[in-house]
Amino acid sequence: MHVQYLDKNPSKQDQMNKEINLQSADNIRALAVAMVEKAKSGHPGGPMGGADFMHILYSEFFNYDPSDMTWPFRDRFFMDAGHLSTLMYAQYYLLGNYEKEDVANFRQWGSITPGHPEVNVARGVENTSGPLGQGHTMGIGAAVAAKFLQARFGNWMNHKIYGFISDGGIQEEISQGAGRIAGHLGLNNFIMFFDSNDVQLSTMTEEVTTEDTEMKYKSWGWKVIKINGHDHDEIRKALTEANAETERPTLIIGKTIMGKGCVTEDGSMFEGHCELHGQPIGNTGADYEKTLLNLGMDPSAPFEIYPDVKEYYKGVLAKKEADASVKKAEIAEWRKINEGLATKLDGFLSGKLPELDFESVEHKEGLATRAASSNVLGYLAEHVENMIVSSADLSNSDKTDGFLKKSSALRKGDFSGGFLQAGVAELTMASIANGIALHGGVIPVVATFFVFSDYMKPAIRLSCIQELPVKFVWSHDAFRVGEDGPTHQPVEQEAQIRLLEKLKNHSGNQSFVALRPADSTETSVTWKMAMENTKTPTGLILSRQGVKDVPAQSGSRYASAINAEKGGYLVKETANPDVVLVANGSEVSTLIDAAILLEEKENLKISIASIPSEGIFRQQSKSYQRSIIPQDVPVFGLTAGLPVNLEALVGPNGKIFGLDHFGYSAPAKVLDDKFGFTGEKVCTEVLNFLNLK
C-alpha cells in the first residue's frame, strides 16, 4: 500500500523517518474512520485522503506555540471543507489539543467535536465552517488583516495563513471572488491546499465540471503547484516553495484518493469510490475492522494514538515551543526599540477603541442618513487607525467614500491604506470581513445597497454564529430608491435582518444588532453603538434620500438621540398621549409631519417613538419599555417595509401601515404619495385607526 513513498535505496534513518510519517498519517486516517463509525454519521473518505498533507503541514511547517494557543502571531489554518472535521480533530488529537474522550464523542450532545468545526482557538480551530467556499474566503480575510498589520508594525509579523479546500469549495461561486481578490492583492502569506480527489458527495467531479482549476487560479495571479497529495516529499517541496513565495498566494493542488487505505472484508483495496464520501465506511463496500487493521489500528481500541506516533509528536511539540520562544524573543527586542508602536499594537489586539467624540461630527441639515454615515466614517478614518472599510463597487453611492477620501485603497505591495475595493462581490466581501475579524487586531466594515444584503446572508449568518463584530453598512434602505425600480427597492430585507435580532447565539446574546437611524444625529449615535459592540455583528440601514432632522424637544438633538443606545426612545413626548406613533428610519420624520396635522387639526396629543433596534429595546427593563410604548394607549406603527417589522412593538390592538407588495419604478416623492407615505396620508390612517374619521 505504501510502496510509492519509499526510496529505492533509503538510509536506515530515512526509512525510519518515512515510516513514522506514514504511521502518523495512517493514525489520522484510522481515527477519522472510527469517529464517523461510532457516531453513525459523517464524512470519512475525505479525511483519509487529506491526512498526509495535514500531518506534514503541522509536524514540519506550521508555526504556533502549543503552550500559548491564542498567541497573536501564530500561523492560522482555515478549513473550508467543514465536513472534513474529523481530519482536524484527529490531527489536533495527535498535537494534544483534544483528549480521547473528545474524539470518541464526535457529533454528540455537549462534545467539543461538533459535526462541522466551530471556532475554538484554544484547540486550534480558527473558524466555523460548513457552508462550502466561505472557510477559505475567511482565510483570505485573515491574510488581508495580517498584511495590514505588517505594513504598520514591520516585516517581523510574517506568519502564514493556510487554507484547505475541496472540490465543492472550488466550485462554490464565492471562490471566484475570493480567488480574484487574493491574486489581485498579491497575498503571498496565503497558502491553500486543494484536496483534489475527483469525488463529490453524490457524483464524481467529472460529471459536473471540466474546468482547468490550475489555469483558473493562474489567471487570477496565483502560484499553482501540482503534486501527488500522498507523497510526503512532494508535499514538503510544495510547502517550502509556497513559504518562499514573495508575490503571490499559492494553490497546492494535491491529487488524493478518497478513502485512502480502505479495504474490503477479503483485504482487497476499496478506494476512490463516491460512496466513501458521506457515510460510515461500514455502510459501504469497505470493511470497517479490516480497514482499521490495514491502517495499523486495533479495532477493539479505535481511538488510540500509536505509541511511536505519540513519542514522535512529543518531539514535534517541543520543537514548536522552542521555535515560538525564538520568535517571541525577536518580538521582545522589537518592542524594546519601538515602545510606542508596541503600545499601539497592544491596543489594536485588545479591541479597545480610542476616545471618540461622535457628538463632534458635524452634519448639514436634512441629510440622507447615508451621507451622515459618510461624515462619521470620515471622522473614524482620522481617529481609528485599525479599520478596513470595504464596498462592493458602490463606495460613491453607499458613501463609504467618506472613509476612502481620508485613507487609500489596499494594493498589491502596499497595505498602508485602509480601504478594500472588493468589486462586485457582496458575499465574498462579507466573508473576507469575517476573516479579518477572526484574525484580530483590525475592525472590518463592509457596505453595499440594502437590497443586496440578500447576496450576503450566508456570511452574515456565520458572523452571528461566530460572534464577530463586523460592521455592515447598507444604504438605499427602502422603496424610495425610486426610479431604480423593484429590483433595487428593499421591502422584505429589513424583516429578514431583524429576525437575527430575535435569535440568540451560543453565548446567549442577541446574535445581531440591526440599527435604522431616523436622522443625521441618530446616525452618529448608531455608529457609536456599532463601534462599541465588540460581541456581535451590527448592521446600519441607511437612507438614500434626504431626511428631515428630528427636532430636539429640549437641549441638543444629540442629548436626545443618545437614548437610541437603549434601542428605542421618544423623539416627541407628550403627557397622557391619545396615541403613540412608532417607527424607525426615515418614517420617523413622516410621523412628525403627521403629528403636526393631528395636533393642529384634531387637537390630539401625540407621542412619537423612534425604535432603531427592537432587539436592544427588548433588553431594557419592562418599566422603560412601557414608558416609551404604554400598554393602555393606542399605538400606530409606520414602516416602509413589511408590517411584521413593527408587529411586536405595536401589539395586537395596534395598527401598522406598511407595504405588502414590491415597489415600482418612479421618483421617490411620487412613490411616497402613491404608497401613502406622506404626512397628510399618514394623518388620515391614524384618524381611521382611532375611529375619528
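Calculation rules
- Residues numbered from 1 in each chain as written.
- Predicted model: local features only at pLDDT ≥ 70, side-chain atom pairs only at ≥ 80, totals over all residues.
- Heavy atoms only, no water.
- 1 Å grid on protein atoms, 1.4 Å probe; cavity = no way out; pocket = protein on both sides within 12 Å on 5 of 7 lines; lining within 4 Å.
- Points joined across faces, edges and corners; volume = space filled by probe spheres on them.
- Helix = DSSP H or I, 4+ residues; strand = E, 2+ residues; numbered from the N terminus.
- Nonpolar A, V, L, I, M, F, W, Y, C, P; charged D, E, K, R; others polar.
- Pairing = 2+ DSSP bridges.
- Axes fitted to C-alpha atoms, helices over the stretch in contact; angles between N-to-C directions.
- Expected span 1.5 Å × (residues − 1).
- Bend = angle between axes of the 7 residues up to and from the residue.
- Buried < 20%, exposed > 50% of the residue type's maximum accessible area, 1.4 Å probe, protein only.
- pLDDT = per-residue confidence, 0-100.
- Contact = heavy atoms within 4.5 Å.
- Arc of directions from axis to C-beta.
- Parallel < 35°, antiparallel > 145°, perpendicular 65-115°, else oblique.

## Describing the layout of surface pockets
At step 1: By volume, the largest pocket amounts to about 840 Å³.
At step 2: In terms of lining, the largest pocket is formed by 35 residues, of which the most central are Phe-348, Leu-349, Gly-351, Gly-440 and Gly-441.
At step 3: With five residues, the single largest contributor to the lining of the largest pocket is helix α12 (residues 339-350).
At step 4: Its residues assigned to classes, the lining of the largest pocket shows 16 nonpolar, 11 polar and eight charged.
At step 5: As a volume, the second largest pocket reaches approximately 520 Å³.
At step 6: Looking at the second largest pocket, it is lined by 24 residues, and the ones nearest its centre are Glu-118, Thr-128, Ile-465, Gln-466 and His-506.
At step 7: Here the lining of the second largest pocket takes five residues from helix α16 (residues 453-466), the largest share from any one element.
At step 8: Tallied by class, the residues present in the lining of the second largest pocket amount to 11 nonpolar, nine polar and four charged.

## Some details on the sheet that holds strand β7 (residues 419-421)
At step 1: Reading across from one edge, β7-β6-β8-β9-β11-β10 is the order of the six strands in this open sheet, with parallel pairing throughout. The open sheet has two edge strands with one neighbour each: β7 and β10 (513-515). Pairwise comparison of adjacent strand axes, ignoring direction, gives a mean angle of 20° for this sheet.
At step 2: For strand β6 (residues 387-391) and strand β8 (residues 443-449), the ladder comprises five bridges, and the chain directions are parallel. Note on β8: the bridge partner recorded for Ser-391 is Ala-447.

## Let's talk about helix α2 (residues 45-61)
Each turn of an α-helix holds 3.6 residues, which means side chains three or four residues apart point in the same direction.
At step 1: With 17 residues, α2 ought to run about 24 Å at 1.5 Å a step, and its terminal C-alpha atoms sit 25 Å apart, in line with that.
At step 2: Within α2, the axis deviates most sharply at Ala-51, by approximately 45°.
At step 3: Summarising burial for α2: 16 of the 17 residues are buried, a large majority.

## With respect to the confidence of the model for the protein
At step 1: When pLDDT is averaged along the protein, the result is 95; 98% of the residues meet or exceed 70.
At step 2: Residue range residues 1-8 is modelled with pLDDT below 50. Its contacts to residues more than four positions away, or to other chains, number 20 contacts.

## Brief notes about α12
At step 1: The first and last C-alpha atoms of α12 sit 16 Å apart over 12 residues, in line with the 16 Å expected at 1.5 Å per residue.
At step 2: Among the residues of α12, Ala-342, Leu-345 and Phe-348 are the ones counted as buried. The buried residues of α12 occupy an angular sector of 120° when the element is viewed end-on, so they sit on one face. Relative to its buried face, α12 has exposed residues pointing more than 90 degrees away, namely Glu-339, Gly-340, Thr-343 and Ser-350.
At step 3: Gly-351, located one to two residues past α12, shows a positive phi value of around 80°.

## Examining the sheet that holds strand β1 (residues 76-79)
At step 1: The parallel open sheet is built from five strands, whose spatial order is β1-β2-β3-β5-β4. Whereas interior strands pair on both sides, the edge strands pair on one side only; in this sheet they are β1 and β4 (223-228). Between one strand axis and the next, the sheet turns through 20° on average, direction left out of account.
At step 2: Sheet topology places strand β3 (residues 190-196) next to strand β5 (residues 250-255); six bridges connect them, and they run parallel. Note that in β5 the partner of Phe-194 across the bridge is Ile-253.
At step 3: Across the sheet, helix α9 (residues 232-244) lies against β2 (161-166), β3, β4 and β5, angled at about 170° from β4, the strand it touches most.

## Focus on empty space enclosed by the protein
At step 1: In total, this model carries three cavities of 30 Å³ or more according to the counting rule given.
At step 2: By volume, the largest cavity is sized at about 110 Å³.
At step 3: Forming the boundary of the largest cavity are 13 residues, of which Phe-62, Tyr-64, Met-69, Gly-124 and Glu-126 lie nearest the centre.

## Quick look at the packing of helix α1 (residues 12-39) against α9
At step 1: Packing of α1 against α9 brings their axes to within 11 Å, and their N-to-C directions diverge by 90°. One finds that α1 runs roughly perpendicular with respect to α9. Two secondary-structure elements touch here, α1 through Lys-18, Asn-21, Leu-22 and Ala-25 and α9 through His-232, Asp-233 and Arg-236.
At step 2: When the residues that make up the contact of α1 with α9 are grouped by side-chain class, the tally is two nonpolar, two polar and three charged.

## Thoughts on the environment of Ala-372
At step 1: Its location among the elements puts Ala-372 in helix α13 (residues 369-383).
At step 2: Counting along the chain gives 186 residues from Ala-372 to Gly-186, while the straight-line C-alpha distance between them is 34 Å.
At step 3: Residues contacting Ala-372, with those up to four places away along its chain left out, are His-363, Leu-367, Ser-520 and Thr-523.

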